[in-house]
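# Descriptive analysis of the structure
For reference, the chains in residue letters:
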Amino acid sequence: SSGINAEYGEFPYADLVTIDRMVNSPGWKVPVEPGQELERLLKACLELARSDLDDENEACQKFYQDTLANSFHKILTDSAVNSWPAEIQGYIFDNAVLLVKLMAVKIRSENAALLRLMCIVFNPTSKFHHYNASQPSKTVPPSSQIPGADVFARPNDFRVPKGWLVDLINNFGSDGGFQNLLDQIKALTNPSLELVSSYLKPFGLCIDLLTSSCVQTFLVPCTVIVTEYVSGLSNEQLKKETKVETRNDTLSGLIQTLKMILHRAPQDKKKLVQGVEFLHLNLLLKLIKTSSFNGKMNALNELNRIITPFLFNRRQNQDSDSITSEDLASWLKDNKILNVVFTDYLHLPQYVEKLDKILKFLIHEDRLTTTDIDLIWDAQIDKHEAIVKNIHDLLAKLAWVLTPDSLDAIFIRFQRSWETANHKTKEKLLELMGRLAEDDKEGVISDKVLQVLWILITARDSSTEIIDLALSTHIKILNYIYSHDKDKQRLYWIEKCIQNIRHHHCVVASLKHLREMCKLYSESHHGYGYVHKMKQLERDNTLIQLVINDIEFYLDQTKKIPNVQDYKPTEILASKCYSHLDELNERLEFIRFTLKHANCYLSLTHAMQLWKHLTTHKIYSSDMDIVFRWFGELVGEDSDIEACVSRQLFVDKMLALDPSTYTEPGLRCFENYFKEVNENEIRETKNNQKITDDESEPFIGTDYIWRLVIEGREELTAYSIALLKDIYSSATVTNQFVRHNEFIKTCFTKARQCFYQYEVQDYPEILARQTIRILHVLREYVVDNMDKGGSGVVHEGVSTPSHERSWQGIPVIIIAQLLGPHDKVLENIEVLTHTNETLGTIRRNLVAHICKNDIPANPPHLQLKVNSEELPPSLDRKALIQLDMKDRQVLTVRVLTSLHIASPGGSSNSSGDLFNSPCSPIKQTKYIPWLLYVSDVAMHHDQIALCDAVTAILNIFPTDMEIEQDITELAASQAREMVQSLQEGATSEMCPASDSTLTSAIFLDSNCGSVRYKLEIVYALLMPAVPTSKSVKFRTDFILAGGVETVLSLLQNDRFLSGSDQQTRRSCLHIFAKITKFVLTTLCYGTLALFKKSAPTSRAALNLQNSLTSIPNPAIERVLRNAAHHTVQNELVLLRLHNTRHAVPTLQYIQAIFRLTHRCAFGYDLLPLPIDTTCTSTNNILFEDVWLAQELMENLTICFMHQPLILEDLLVDPELQDFIVNMILVCSSQFVRQVVSDQLYIMCVKCCVAGKSVLDVIKLLFDNLHKTEDYGDNSCFYFGLLS
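The residue numbers shown here count from 1 along each chain, following its written sequence. The predicted nature of this model means local features are confined to residues of pLDDT at least 70 and side-chain atom pairs, given and counted, to a pLDDT of 80 or more, with totals for whole chains, interfaces and linings taken over all residues. Computation of side-chain values: all heavy atoms of the structure, hydrogens and water removed.

### Considerations on the overall build of the protein
Helices and strands together make up the secondary structure of the protein, namely 57 helices and seven strands. Across the 1283 residues that make up the protein, the buried fraction comes to 54%. Note on definitions: a residue-residue contact is assigned when non-hydrogen atoms from the two residues lie within 4.5 Å. Restricting the contact set of the protein to residue pairs at least 6 apart, pairs at least 24 apart contribute 74%. Element-wise, carbon and sulfur atoms account for 50% of the exposed surface of the protein, whose accessible area totals about 56700 Å². Secondary structure counts use DSSP, requiring at least four H or I residues in a row for a helix and at least two E residues in a row for a strand, with both numbered from the N terminus. Relative accessibility thresholds used throughout: buried, under 20% of the residue-type maximum; exposed, over 50%; partly exposed, between the two (1.4 Å probe, protein chains only). Each accessible area is a Shrake-Rupley result for a 1.4 Å probe, and residues are judged covered by the shown protein chains and nothing else.

Structural data, given as structure tokens:
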């Protein structure tokens, strides 16, 4: 003894600290040289261990647990071992000798750290031992003859002696290590498997170097003790030991170590080895029976590892000591392993997958019996669908290796289960049998399955889903079956399908099956594919005729079913497996399939037979859709019907149907045949030209399309109209005008015919609808062709707008941003325009602005964009309203190259000119008077839709020039008379009265449609979309002819708009309000001019002059103000206005205005007047009512500007007070409330004389403040006006 005791301070703790720092640093170093820290520490620990004092020394224990293991792990296993010199290698060996001496002593204890370190020291494959494998042994020199009983290990190959490892083992044994190991194993009581494995594992690693004497004397007794201990573990102990997955690996490792040791046993080796292997199997069986899911999975994994070598014959070259495949199979059967594994966790696919190798092994060993098949099958009966799926997947994977007897047993169980299975289970069973039959190498089960499936397919009680699934399975088996007579089998089933069709039995399923079986013949199949097969079948069996005969038989039989009409086409009929819709579709689809793939055409006989059967013997009205869809698909690019057949079918059958028979699919079918037939006709007669010229015959079926438009279903009118438009819009440039005029003439001819019958037959509703359809065709055709050229037509370089675009639209301001380099905004240009202005006009105005009104011969081209979308010159003839341009719309302008600027109407291209050609029917016949007559008749018979259709036509045609000329001549004639009277000094009594010729001719016509049309013409002449000299003269003539008196007297005239419908009345009043605004504005400017001549400084003159600066709104009514101001520059006009003092806005006229405004705002009928303004219930307010209310309020403001005293008198009138409160508080339209609030503010501020009106309105609002409680959501403008 060196005097070291258990005192903490006497242990070389400083060495421990030093070596710990050196080993754990990034650039680690282990001091292994003699006398250094590692050697001193090992010697100290060895001394303490021999004295049994090390367990009490904390520093020593720390060294065991951490530093010792870490140091030897690095010097024995690190990759740097190969780079160390031989001297260092020897120092490491010396330290290892000290370590094994320490282990020989400490093996009597349960020090896990040292036991793990012992595995490294005795491992022949460690880096250190591998590098020094050539070192000779000192304890067993190469030439020595030392008996095996005197040493514990000796080199087994003197070429690679591994002498240092032999010496370490011998040092361990000579210090009593093996004896201590045996004693320790004997002394263990209830040790853990991990501890037992730790004791034996180091010697299992170096077992090849141990002598037989050592193995027999020390290790075999240890294995016997351990085997007895492990075999005696109870189920609970085993579950506890293998609870953690790593511990299960410990069990496997322990078994492997025992087998390695026993393979070196000199005596009873086979018995011992097989005993351990059976012990392993028994332990796994216990785990499978008793463990949790993880334990079972680990045990099954281990069992599969044992089975795998036998499956792939890897055990044949191993020694005969281990168990054989027969032994393993017998053990599996004796222990009824299948009964154990097919109990729990079958719903988990990962668990069931583990059973695959067990079953394959039993099949491989021919030990899987029919009883086992029954066991597996029973495991999924009446179980959750997840279990059913997993078991079926397992059986399907086994199909390739199953024996014929096993497959037969499965098929028997399938038949038994089918009898009691529900629908869902049947689907699963069918899927399984299909998978099994596909992999049947011997044909044992495939033929049976095919027969069973066919029985299911042809059974009347099978559901559609089962039949379709059985068909799919049947086809898959025929496609994938491993059989030498596959072709023979297919032909057999093809013949069965044809026989079924011939005898009208299960035809739908047979047709489906036949089609899919033909597809199985690929193009490379024995030199021909399914196309060849279809040709052969059609040739040998006349398939198409068979199916057509079956269609006739099916329809006849179906009609005999009681109450067949009570079923829906999509419902399955009694005694049927498919719905009526499926029955027909499948038959027709098979005929189409045969035509396509047999490369044949539908003959005329077949086509006529099919049409007859399907149309005359149809069961439901929806059957016609099936007919139309199917026949419609026959023609086209890849036509299945010859041209002569399609023509005869189209002419004899389709054109003979009642137009009301055609549905949407029918119209698509008709269109396909119409185009096909006519293109074929043209191709034959016009050298492939698709459009006829002027002398050509009309298209075949054009007259019938007119019948479709007029007599067809209401919901399909648009489709028929589109087809009709395509015919006439397809004209070439050379005959375009002729085609257009022909179409317009045809429309009016047919419309007159319908309307004549409408009048003769006492105005029936159906003829009115037919007239409307014809007018609708005309409108859409004209609009589409005008859209190609713009909002109007071009004649001699001047744009002729449509009637609805001929007057000034809603005033708008366009913000034009002139862009420079890098998109920098150079200037913001405000362009005052209106919605009926064309884009070309805007473009020209911008060019003039940019060129400072000095436009060069080659002006610049402008690129216009709205929201980054370019507006090309082709859109210049479009009105702003057509381009959806709104007020304050931003228009970006970029100056590009110099190009020719279009004429005032836009583009000079007249491709859209429908009305200005020499042949124009508008100029040859008087359509517009007839349209006005139709409108009047329709109005008197309350045919509002017909009125609207006529109005739509009138709006898109140019204004009737004769009516316009009559109005202008009438105004000019009366103006000349008035001028003559004025020049002769006539007084006001000589002025025309309210029932003047002008009034009667324009405004009091009994035809309200004519009144509206004439009002629109008058407004277009007063405020045209594009100012002309004609409009200037007409304004003057209109005022001179008594326009002021006429306009201001009409609202009190009972004959005005009497008998008109609400829509016509609304339109007339809206135009009339616009005319009135011009007249009142002109009257105000004229009155101001007269004041300036007679009393320029009078209070009335100053008030009127001040009001005219704001009324009408100068920001948006600049054109109106300029027109009115320019009109009163004529002295004769002033004189005429001077003589019109009796026609100023009167109290009655103003009352009529605000009463009418109230009606608009609350959705009441617009005439007659007066009404009770206390009525505040709100009906539906139309968009047109809102705009009319705005116009009337603006007119009311102009009236009060001219007559401010009337405003002060009316503000104390209860009727006007109720009007004000209702309009800004009760009215449901926010826009109307805002307009009334703004105009009332302008009235009070700009139109009052002494400010009394403002006080009256404030008092009125405060007096009615309590009403805001009931209309809180509408009170915004109420309080805004009050503030």
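So that's the structure; there's more coming.
### Section: the pairing of strand β3 (residues 811–819)
Counted residue by residue, β3 has seven buried out of nine residues, so it is predominantly covered. Here, a strand pair is defined by DSSP locating no fewer than two bridges between the strands. Strand direction decides the pairing type here: β3 and strand β4 (residues 825–834), joined by nine bridges, are antiparallel. Bridge pairing links I815 to E830 in β4. Taking the residues that link successive antiparallel strands as the turn, the β3-β4 hairpin has five residues, and the phi of H822 there is positive, at about 60°.

### As for the nonpolar core
Of all hydrophobic cores here, the largest spans 380 residues; its most connected members are F122, F342 and F631. The leading source of residues in this core is helix α47 (residues 1062–1094), at 14 residues. Beyond its immediate sequence surroundings of up to four residues, F122 is in contact with V100, L165, L168, I169, F172, P202, F203, L205 and C206. Only buried residues count toward a nonpolar core. Its members are Ala, Val, Leu, Ile, Met, Phe, Trp, Tyr and Cys residues joined through side-chain atoms within 4.5 Å.

### Thoughts on the environment of C1244
Mapped onto the secondary structure, C1244 falls in helix α55 (residues 1230–1246). Considering only alpha carbons, one finds C1244 and V1254, ten residues apart in sequence, at a separation of 5.3 Å. Non-local contacts of C1244, meaning those with residues more than four positions away in its chain, are made with S1253, V1254 and V1257.

### Re the layout of surface pockets
Taken as a whole, the largest pocket holds about 1700 Å³ of empty space. Only protein atoms enter the calculation, which uses a 1 Å grid: trapped sets of points that fit a 1.4 Å probe without letting it out are cavities, open sets showing protein on both sides within 12 Å along at least five of seven lines are pockets, and any residue with an atom within 4 Å of a point is a lining residue. Considering the residues around the largest pocket, the lining is formed by 50 residues, among which I810, H1070, K1074, W1187 and E1191 are closest to the centre. Going through the elements one at a time, β3, α41 (944–956), α44 (1008–1022), α47, α52 (1183–1202) and α55 are the ones with two or more residues in the lining of the largest pocket. Ranked by the residues each element gives to the lining of the largest pocket, the list is headed by α52, at eight residues. Ten residue types, Ala, Val, Leu, Ile, Met, Phe, Trp, Tyr, Cys and Pro, are classed as nonpolar, four, Asp, Glu, Lys and Arg, as charged, and the remainder, Gly among them, as polar. Class assignment of the residues belonging to the lining of the largest pocket gives a composition of 19 nonpolar, 15 polar and 16 charged. Grid points are joined across faces, edges and corners, and a volume is the space filled by probe spheres set on the points.

### Looking at unusual backbone geometry
Cis rather than trans, the peptide bond between I1111 and P1112 has omega equal to -15°. One non-glycine residue, K336, lies in the positive phi region at around 50°. K336 gets classed as exposed once you look at its relative accessible area, which sits at 53%. A positive phi angle is found at R888, which is not glycine, with a value near 65°.

### With respect to the environment of V934
When you line up the elements, V934 lands in helix α40 (residues 927–940). By relative accessible area, which is 1% here, V934 ends up buried. Non-local contacts of V934, meaning those with residues more than four positions away in its chain, are made with F755, L946 and V950.

### Quick look at helix α9 (residues 193–205)
Expected span of a helix, by definition, is 1.5 Å for each gap between consecutive residues, and there is one gap fewer than residues. If you check α9, its first and last C-alpha atoms are 18 Å apart, about what 13 residues at 1.5 Å a residue would give, namely 18 Å. The quantity called bend is, for any residue, the angle between two axes fitted respectively to the seven residues ending at it and the seven beginning at it. When the local axis directions of α9 are compared, the greatest deviation, roughly 35°, occurs at Y199, which is followed within four positions by the proline P202. Of all 13 residues in α9, ten are buried, a share of seventy percent or more. When we look at burial in α9, the residues that qualify are L193, L195, V196, S197, S198, Y199, L200, P202, F203 and G204.

### Concerning the packing of aromatic side chains
Here is the rule: rings of Phe, Tyr and Trp (six-membered ring for Trp) pair when centre to centre is within 6.5 Å. Planes less than 30 degrees apart are stacked, more than 60 are edge-to-face, and the remainder are tilted. Counted by the stated rule, this structure contains 42 aromatic pairs. A ring pair is formed by F293 and Y345, whose centres lie 5.1 Å apart and whose planes are at 55°; its orientation type is tilted. Separated by 52 residues along the polypeptide, F293 in helix α14 (residues 293–311) and Y345 in the loop between α16 (337–341) and α17 (349–353) bring together distant segments of the chain. Three or more aromatic residues link up through ring pairs in this structure, and these residues are W611, F628, W630, F631, F650, Y662, F670, F674, F699 and Y704. Whether a charge sits over a ring comes down to the Lys NZ or Arg CZ being within 6 Å of the ring centre and within 35 degrees of the ring normal. Between the NZ or CZ atom of R752 and the centre of the ring of W930, over which it lies, the distance is 5.3 Å.

### Here we look at helix α30 (residues 604–616)
Given 3.6 residues per helical turn, the α-helix brings residues three or four places apart onto the same face. The first and last C-alpha atoms of α30 sit 18 Å apart over 13 residues, in line with the 18 Å expected at 1.5 Å per residue. What α30 keeps buried is the set H606, A607, M608, L610, W611, H613, L614 and T615. Residues of α30 that are buried in the fold lie against α28 (543–559), α29 (580–597), α31 (623–632) and α32 (643–652).

### Let's talk about the pattern of salt bridges
Take a side-chain nitrogen of Lys or Arg and a carboxyl oxygen of Asp or Glu: if they are within 4 Å of each other, that pair is a salt bridge. Taken as a whole, this structure holds 48 salt bridges when the rule is applied. Among the salt bridges present, the one from K106 reaches D55, with a minimum N-O distance of 3.0 Å. Here K106 is found in helix α4 (residues 86–106), whereas its partner D55 is found in the loop between α2 (37–50) and α3 (58–77), with 51 residues between them in sequence. Its salt-bridge partner being E1191, residue K1077 comes within 3.1 Å of it at the nearest N-O pair. On the criterion of sequence distance, the pair formed by K1077 in helix α47 and E1191 in helix α52 is long-range, its members being 114 residues apart. Each member of the salt-bridge network shares a partner with another, and the members are R592, K596, E633, D638 and D640.

### Remarks on empty space enclosed by the protein
Tallied over the full model, the rule gives four cavities of 30 Å³ or more. Here the largest cavity defines a volume of roughly 70 Å³. Every residue lining the largest cavity is listed: M1193, L1196, F1200, L1207, L1211, L1216, F1219, I1220, V1236, L1240 and M1243. When residues of the lining of the largest cavity are traced back to their parent elements, those giving at least two are α52, α54 (1214–1226) and α55. Across the lining of the largest cavity, the residue classes break down as eleven nonpolar, no polar and no charged. Each pocket or cavity is described by its volume, and for the second largest cavity that value is around 50 Å³. It is helix α5 (residues 112–121) that contributes the most residues to the lining of the second largest cavity, three residues altogether.

### With respect to the packing of α4 against helix α7 (residues 163–174)
Convention adopted: a line fitted to C-alpha atoms gives each axis, helices being fitted over their contacting stretch, and angles between N-to-C directions are expressed from 0 to 180 degrees. Where α4 meets α7, the closest approach of the two axes is 8 Å, and the angle between their N-to-C directions is 25°. Comparing their axes, α7 and α4 come out roughly parallel. The handedness of the crossing between α4 and α7 comes out as right-handed. Contacts between α4 and α7 involve Q89, G90, F93, A96, V97, V100, K101, M103 and A104 on the former and, on the latter, W164, D167, L168, N171 and F172. Looking at the contact of α4 with α7 residue by residue, the class counts come to nine nonpolar, three polar and two charged. Angles below 35 degrees are treated as roughly parallel, those above 145 as roughly antiparallel, those between 65 and 115 as roughly perpendicular, and all remaining angles as oblique. When the near helix sits turned anticlockwise from the far one by under a right angle, the crossing is termed left-handed; a clockwise turn instead gives a right-handed crossing.

### Details of the confidence of the model for the protein
Confidence of the prediction at every residue is given by pLDDT, a number between 0 and 100. Across the protein, the average pLDDT comes to 83, with 88% of residues at or above 70. Here residues 790–798 is modelled with pLDDT under 50, and outside its nearest four sequence neighbours on either side it reaches 38 contacts, counting other chains as well. Low pLDDT, under 50, characterises residues 898–925; the predicted model gives this stretch 73 contacts beyond four residues in sequence or across chains.

### What to know about a nonpolar patch on the surface
Side chains of L1255, I1258 and F1262 sit close together on the surface and give an oily, nonpolar patch of about 300 Å² of accessible area. In this structure, L1255 sits in helix α56 (residues 1252–1263). Patch definition: residues above 30% relative accessible area lacking any salt bridge, with like charges linked at up to 9 Å and the nonpolar side chains Val, Leu, Ile, Met, Phe, Trp and Tyr linked at up to 5 Å.

### Focus on the packing of helix α1 (residues 13–24) against α2
It is at 9 Å that the axes of α1 and α2 come closest, and there the two elements cross at 130°. What the angle tells us is that α1 and α2 run oblique. Read as a crossing pair, α1 and α2 show a hand that is left-handed. Residues D15, L16, T18 and I19 of α1 pack against E37, L38, R40 and L41 of α2. Split by residue class, the contact of α1 with α2 holds four nonpolar, one polar and three charged.

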